[in-house]
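Here's the letter readout for the chains.
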Amino acid sequence: MAAPALHTRLSGDAAASSSGLKTLGASRTGISDVLALDNDFFSSPPRKAVRFGGTVTEVLLKYRKGETNDYELLKNQLSDPDIKDDQIINWLLEFRSSIMYLTKDFEHLVSILLRWKWLNRSQTVVEEYLAFLGNLVSAQTVFLRPCLSMIASHFVPPRVVIKEGDIDVSDSDDEDDNLPANFDTCHRALQIIARYVPSTPRFLMPILVEKFPFVRKSERTLECYVHNLLRISVYFPTLRHDILELIIEKLLKLDVNASRQDIEDAEEIAAPTGSGTDATEALFNMDEDEVTEPETKADPERLSQMVHPVAERLDILLSLLFSYVKDICYVDGKIDINKTKDLYRELIIIFDKLLLPTHASCHVQFFMFYLCSFKLGFAEAFLEHLWKKLQDPNNPAIIRQAAGNYIGSLLARAKFIPLITVKSCLDLLVNWLHMYLDNQDSGTKAFCDVALHGPFYSACQAVFYTFVFRHKQLLSGNLKEGLRYLQSLNFERIVMSQLNPLKICLPSVVNFFAAITSKYQLVFCYTIIERNNRQMLPVIRSTAGGDTVQTCTNPLDTFFPFDPCVLKRSKKFIDPIYQVWEDMSAEELQEFKKPIKKDVVEDEDDDFLKGEVGITPSSFDTHFRSPSSSVGSPPVLYLPDQSPLVARIYD
């Protein structure tokens, strides 16, 4: 269960950047107070505590001479699990006075000090320990990495192990109420160390990567760690790009293991009982041994949880990233353009590296969708960036096709993109398609082939998909003027070309495009669709051998990256700026009726978005049933007057 205390808003103002803690958690003592301890150190009397052997300095000097008895005694005393606060303070005072002798030869001794459970001690112990860390790294930089590693290990809740005999019967997160305060102290420690060693961020990043919890760990463990990483990015701005890349990379691993179809199936199965736990969740949480108590259906927190265990982790972390993005970009409720530009530049690099080459990710890419909604200029910059990727012949075909998928999905789904921008993008895409045809129609490669013309087909599908979603807006107001604009795009030449895009694009997109263009007499697609249907698409023989064949109705391997978000927490950020598929009225359905084939598909369970646009790895083997389905078997064309399916199109 997510920790409420972790949903602290990140501030992007200068004060937060300098302190890193002002808006993320109240720090009781500043760095100056810790440094003041150095001035009072020699004048402060040692605490009274029971101990054996000489002073720390004497023990260290004897060890160098080969006398190890007192050294072993010292280690045993420091390793005492019942060590008291006064003893710790006394030891720390002595170690600070002997810091110059604490060289790499005493690495084991220092490791004992770094294993102390100091965070839940008295405030005096905490302050003394922070001062000791500062002295240690400034005098003996060889211990910088161990100190940073120790601090990073405290960015997750400690584990509580309950044993019965020699068997661990429980291993779960510690529900310590002091956890937020402990996190604050750890961030103070990092800043203190950085004050003494300016190169701290460079040594810290590899440690943060190494300490990142396994993605199957509990939601709370992952949330705490990501929360603390984002806090570090505020006061160590040089690490922000690397931290965001690390987080998004981990989110992507979760995303590809939780397809949209799997998430929806899990929610549907759990809906009748209202239970959020099932066999799958128990399987994924075996290493956590989490015990969930029955909760009522009316519990708001319960209602916001995902049934699918991987989706639950993804939802928590993605909503945390959304909050971070907004807090960085907005100051006092107003967008800070310069800070947003800086963040956009970092995220677009990460997008190109991680998201664009990844096929069929469902949700992580919405961080770009969300950022672009802050101001139209960022959406236009993103579209221009994708457009350059699409038209650049030096890019791999798979990247160009992915860019086309993103362009079409963004233009169709983003409420914040105005019609004038949609028309500008359509002009660019359609003009490029016509130029492509100019170069191909008379050549030797002027035939239908995905391998040769993949980017062309991807651009065609982006145009068709955008047109299906935006045609009402394009024709609203002055119908005559809208039709004149659509006629100027010359869809007929594209559709009738020898490259035959209707054969390659998704049947569901083609069906709606054909119906709408036929209604407004822009182009008549049905003859071509029937011919393509008779010819069938190429078949792919099974790699397992034998005569098993599979019809490929998605040769472009298309997916629409901004299909509806099904993560409950993340949806709250996306829904206000998201264009859902609008239901068709009965009158519109009557106008769209066009018998194509006698075979009528009986399955009426899919809708346009869930089947057609929701292409995920788990849905590649499903069959095309109607315009509400995206991938599958031979292209059976939809017969509107014999099926009520389209009337139930919804998001």
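The following paragraphs examine the structure supplied in this document.

Thresholds, definitions, all that
Residues numbered from 1 in each chain as written. Predicted model: local features only at pLDDT ≥ 70, side-chain atom pairs only at ≥ 80, totals over all residues. Heavy atoms only, no water. Helix = DSSP H or I, 4+ residues; strand = E, 2+ residues; numbered from the N terminus. Buried < 20%, exposed > 50% of the residue type's maximum accessible area, 1.4 Å probe, protein only. Areas by Shrake-Rupley, 256 points an atom, 1.4 Å probe, with all protein chains shown as cover. Polar contact = N/O pair within 3.5 Å; in protein donor to acceptor, adjacent residues only side chain to side chain. Contact = heavy atoms within 4.5 Å. Salt bridge = Lys/Arg side-chain N within 4 Å of Asp/Glu carboxyl O. Core = buried A, V, L, I, M, F, W, Y, C linked by side-chain atoms within 4.5 Å.

1. Details of the overall build of the chain
1) Next: For the chain, the helix and strand inventory stands at 30 helices and six strands.
2) Next: Buried positions account for 54% of the 651 residues belonging to the chain.
3) Next: Carbon and sulfur atoms provide 53% of the accessible area of the chain, an area that totals close to 29000 Å².

2. Some thoughts on the side chain of Glu312
1) Next: As for its position among the elements, Glu312 is in helix H16 (residues 309-329).
2) Next: Overall, Glu312 belongs to the buried group, its relative accessible area being 6%.
3) Next: A distance of 2.7 Å separates the side chain of Glu312 from the backbone nitrogen of Met306, its partner in a polar contact.

3. Things to note about the side chain of Ser458
1) Next: Tracing the backbone through its elements, the reader meets Ser458 in helix H22 (residues 450-475).
2) Next: If sequence neighbours within four positions are ignored, Ser458 has contacts with Arg400, Gln401, Gly404, Asn405 and Leu556.

4. Concerning the pattern of salt bridges
1) Next: This structure, assessed with the given rule, holds 17 salt bridges.
2) Next: We note a salt bridge from Arg231 to Asp184, for which the minimum N-O separation is 2.9 Å. Here Arg231 is found in helix H11 (residues 219-235), whereas its partner Asp184 is found in helix H9 (residues 179-196), with 47 residues between them in sequence. For the pair shown, Arg231 and Asp184 are each scored as buried.
3) Next: In this structure, Arg493 engages Asp438 in a salt bridge whose closest nitrogen and oxygen atoms are separated by 2.5 Å.

5. Looking at the environment of Val215
1) Next: Note that Val215 resides in the loop between helix H10 (200-211) and H11.
2) Next: Considering only alpha carbons, one finds Val215 and Leu254, 39 residues apart in sequence, at a separation of 7.0 Å.
3) Next: Setting aside residues no more than four positions away along its own chain, Val215 makes contact with Leu222, Lys250, Leu254 and Arg313.

6. Section: the environment of Glu219
1) Next: Structurally, Glu219 is set in helix H11.
2) Next: Considered as a pair, Glu219 and Leu314 are 95 residues apart in the sequence and their alpha carbons are 8.7 Å apart.

7. Here we look at the nonpolar core
Soluble globular proteins: nonpolar side chains tend toward being buried together.
1) Next: Ranked by internal contacts, the top residues of the largest apolar core, which has 183 residues, are Phe95, Leu208, Ile232, Phe369 and Phe382.
2) Next: Here this core gets 13 residues from one element, more than from any other, and that element is H22.
3) Next: Excluding its chain neighbours within four sequence positions, the residues that come into contact with Phe382 are Tyr344, Ile348, Phe351, Met368, Cys372, Leu410 and Phe562.

8. Quick word on unusual backbone geometry
1) Next: In the Ramachandran plot, Asp332 falls in the positive-phi region, its phi being about 55° despite a non-glycine side chain.
2) Next: With respect to the secondary-structure elements, Asp332 resides in the loop between strand S3 (330-331) and strand S4 (334-335).
3) Next: In this structure Asp332 comes out as exposed when scored by relative accessible area, which is 78%.
4) Next: Even without being glycine, Asn490 reaches a positive phi, approximately 55°.
5) Next: With respect to the secondary-structure elements, Asn490 resides in the loop between helix H23 (479-488) and helix H24 (491-496).

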